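Now for the letters of each chain:
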Amino acid sequence: MDTKDTPYCSSQKSAPIYEALEQFKKKRVVPFDVPGHKRGRGNPELAAFLGERCVSIDVNSMKPLDNLCHPVSVIREAEQLAAQAFGAANAFFMVNGTTSAVQAMVQTACKQGDKIILPRNVHRSVINALVLCGAEPVYVNPEMDKRLGIALGMSLSQVEKAIKENPESKAILVNNPTYYGICSDLRSIVQLAHKHNMLILVDEAHGTHLSFGKDLPVSAMEAGADMAAVSMHKSGGSLTQSSFMLMGPAVNVGYARQIVNLTQTTSASYLLLSSLDLSRRNLALNGERIFREVKELAEYVRSEINKIGDYYAFSKELINGDSIYDFDVTKLSVHTLDIGLAGIEVYDLLRDEYDIQIEFGDIGNILAYVSVGDRKQDVERLISALAEIRRRFGIDKSSLVTQEYIDPEVVTTPQFAFYAEKESLPIRETVGRVCSEFVMCYPPGIPILAPGERITEDIITYIEYAKEKGCSMTGPEDLDIERLNVIKGV
């Protein structure tokens, strides 16, 4: 079903979980179950902070409200409506974040020893899934835009090469769109994968809106993907940590549910579930208008930022028909190095000097997330602040590093490296050794190093530079990232 062109039936006006909670509240049930705050009475400060209406629906699973682990009534109905809205065969409500959806996709498609083809510039959740299930990654190292210092999409010729060299692979995973708005030729990759009996998994964390807006890149389900992880809380308006896992008809939905239940909580938050339900309804009924306005707002801000000078808010002009097959114009990605400041420095200045919190800053770029809740006056503040930052803080750019992504040398699987006997060494003494943990800037959460990869001089230099510039570094056992764990004897 093409959700961009097919009218929604009247059932999309329903929000079954929300409606069941409203009915439950009217019954004035006396709670002798969990949670122990008993509709907020046991924690007045929490009730005052979050509001009585909010804490009154922080309830436990029960027959009238269904159970996320084995839905048979209102949650099941809500999942069916979500599947219809996104053009999927099935949809699961995910309350452990999109991380759990990504991990469930990989573990549904792959078992220990199976191969999966994927770009190396994936979110850490993908490689975490490989640690958990023991699948072997076949990396398609992405092309780079050297000016912007960002990894691009998956080239179709690279995917063809990976399939030819690894025909036994079970699945291909695609980032679409990337954090920066870059889209691969998803339809062609899907066709290629299915021709070779491989599943297509799409990390669509940053593409909720693609299923509802007009004149945007193709969504995963519309392209024929088998599974997609969708961060409803990013551009869809639900509460943080709430997402959907979408599935096509080729996926064994019962088995996928079993995989999800290996790691997802048995105490699902009805705050998160109802936020997904209401947000799905909002997008199903109003998404085309919402994302037309978001697109127009992002295009306006992009144009105004480019008029400032030295900043580069990039867009569809990057499209090359291959590694940048399309571009998501709702993504406001801005290259900052020409004003002499790393993206993370602009990120910090916006927050500390102008009280503006953007999504992230890396070595060369910033991302300001424009979505359903933004107002014209807010983006005007952002434009003015960027102009002032250029005037007040801009310096010569000659000493700045531009490289964001470094091709890794993969020595062994993430699972083997993560669980192998290891030793901790000062970071400068690890060059040439095999890493057994993650190192990344978060956001965006793309590993600089992942378990099983060779540590090089360039990688250590990059980590030290990112720390110096103020990037938020995560992953290693040593929180100060003065030491790294490496495989003992390797």
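What you see is a predicted model; the values in this text were computed from it and never measured.

About the criteria used
- Residues numbered from 1 in each chain as written.
- Predicted model: local features only at pLDDT ≥ 70, side-chain atom pairs only at ≥ 80, totals over all residues.
- Heavy atoms only, no water.
- Helix = DSSP H or I, 4+ residues; strand = E, 2+ residues; numbered from the N terminus.
- Rg over C-alpha atoms; globule rule 2.2 N^0.38 Å.
- Contact = heavy atoms within 4.5 Å.
- Areas by Shrake-Rupley, 256 points an atom, 1.4 Å probe, with all protein chains shown as cover.
- Lys, Arg positive; Asp, Glu negative; His and termini not counted.
- Charge placed at Lys NZ, Arg CZ, Asp CG, Glu CD.
- Salt bridge = Lys/Arg side-chain N within 4 Å of Asp/Glu carboxyl O.
- Phe/Tyr/Trp six-rings, centres within 6.5 Å; stacked < 30°, edge-to-face > 60°.
- Buried < 20%, exposed > 50% of the residue type's maximum accessible area, 1.4 Å probe, protein only.
- Lys NZ or Arg CZ within 6 Å of the ring centre and 35° of its normal.
- Arc of directions from axis to C-beta.
- Axes fitted to C-alpha atoms, helices over the stretch in contact; angles between N-to-C directions.
- Parallel < 35°, antiparallel > 145°, perpendicular 65-115°, else oblique.
- Nonpolar A, V, L, I, M, F, W, Y, C, P; charged D, E, K, R; others polar.
- pLDDT = per-residue confidence, 0-100.
- 1 Å grid on protein atoms, 1.4 Å probe; cavity = no way out; pocket = protein on both sides within 12 Å on 5 of 7 lines; lining within 4 Å.
- Points joined across faces, edges and corners; volume = space filled by probe spheres on them.
- Pairing = 2+ DSSP bridges.
- Core = buried A, V, L, I, M, F, W, Y, C linked by side-chain atoms within 4.5 Å.
- Polar contact = N/O pair within 3.5 Å; in protein donor to acceptor, adjacent residues only side chain to side chain.

Caption draft 1: Representation of the overall build of the protein chain within the structure. Each helix and strand counted, the protein chain has 16 helices and 20 strands in total. Rg of the C-alpha trace for the protein chain: 23 Å, near the compact-globule value of 23 Å for 490 residues, within the 12% margin. Restricting to contacts in the protein chain with at least 6 residues of sequence separation, those with at least 24 account for 72%. For the protein chain, the computed accessible surface area is about 20200 Å², with 49% contributed by carbon and sulfur atoms. A distance of 6 Å separates the average location of the 51 positive side-chain charges in the protein chain from that of its 64 negative side-chain charges.

Caption draft 2: Up close: the pattern of salt bridges. Scanning the entire structure with this criterion turns up 28 salt bridges. A salt bridge links R302 to E299; its shortest N-O distance comes to 2.8 Å. Residue R302 and its partner E299 are both found in helix α12 (residues 270-308); the two are separated by 3 residues, about one turn of the helix. One connected set of salt bridges, linked through shared partners, spans R76, E79 and R257.

Caption draft 3: Molecular detail of the packing of aromatic side chains. This structure, assessed with the given rule, holds 8 aromatic pairs. Relative to F212, the ring of F86 lies with its centre 5.0 Å away and its plane at 80°, an arrangement referred to as edge-to-face. Of the two residues, F86 is situated in helix α4 (residues 74-86) and F212 in the loop between β8 (199-204) and α9 (220-223); the sequence distance between them amounts to 126 residues. Each member of the pair F86 and F212 is classed as buried. What links up through ring pairs into an aromatic cluster is the set F86, F93, F212 and F244. The lysine or arginine in question, K376, covers the ring of Y300, its NZ or CZ lying 4.6 Å from the ring centre. The ring of F418 has K422 sitting right over it, with the charged end atom 5.2 Å from the ring centre.

Caption draft 4: Inspection of helix α11 (residues 253-263) at higher detail. Among all positions in α11, only A256, R257, I259 and V260 are buried. For α11, the buried positions fall inside an angular range of 160° around the axis, keeping them on one side. Every exposed residue of α11 that faces more than 90 degrees away from the buried side is listed here: Q258 and L262. Close packing links the buried residues of α11 with α4, β1 (90-94), α5 (97-109) and β10 (243-247).

Caption draft 5: Up close: the packing of helix α1 (residues 16-26) against α4. Following both chains from N to C, one finds α1 and α4 inclined at 150°, their axes separated by 8 Å at the closest point. Relative to α4, the element α1 lies roughly antiparallel. Residues P16, I17 and A20 of α1 form the contact with α4, whose participating residues are V74, I75, E77, A78 and L81. Class assignment for the residues of the contact of α1 with α4 results in 7 nonpolar, no polar and 1 charged.

Caption draft 6: How the structure looks around the confidence of the model for the protein chain. Chain-level pLDDT for the protein chain is 93 on average; 97% of the residues reach the 70-or-more range. A low-confidence stretch, residues 1-9 stays under pLDDT 50, and its non-local contacts, those more than four residues away or across chains, total 24 contacts.

Caption draft 7: Structural detail: the layout of surface pockets. Approximately 230 Å³ is the volume found for the second largest pocket. Forming the walls of the second largest pocket are F24, K25, R28, V29, P31, R39, G40, R41, E52 and S56. Of the residues assigned to the lining of the second largest pocket, the class counts are 3 nonpolar, 2 polar and 5 charged.

Caption draft 8: Broad picture of the sheet that holds strand β14 (residues 360-361). Taken together, 4 strands build an open sheet; the order of strands is β11-β13-β15-β14 and the sheet is antiparallel. Among the strands making up the open sheet, the edge pair consists of β11 (312-313) and β14. As paired strands, strand β13 (residues 331-335) and strand β15 (residues 365-369) are joined by 5 bridges and run antiparallel to one another. Bridge pairing in β15 links V334 to I366. Along the sheet face, α12 touches β11 and β13 and points at about 15° away from the line of β13.

Caption draft 9: Here's a closer look at α1. For α1, the set of buried residues is P16, I17, A20, L21 and F24. Down the axis, α1 shows its buried residues gathered within 135° of arc, on one side only. Taken together, the buried residues of α1 touch α4, β1 and α12. In the segment just after α1, R28 is the residue with positive phi, at about 55°.

Caption draft 10: Representation of the nonpolar core in the model. Counting 109 residues, the largest nonpolar core has I172 and L350 as its most contacted members. Among the elements that take part in this core, α12 stands out by supplying 15 residues, more than any other. When residues no more than four places from it in sequence are discounted, the contact partners of L350 are D355, I356, I358, I366, L382, A385, L386 and I389. Grouped together as the second largest cluster of nonpolar side chains are 33 residues, V126, A135, A171 and A256 included.

Caption draft 11: Summary view of the environment of D310. Inspection of the secondary structure puts D310 in the loop between α12 and β11. Residues D310 and I116, 194 residues apart in the sequence, show an inter-C-alpha distance of 41 Å. Not counting chain neighbours up to four residues away, the residues in contact with D310 comprise H335, D338, I339 and R390. Within the structure, D310 has its side chain in polar contact with the side chain of R390 (distance 3.0 Å).

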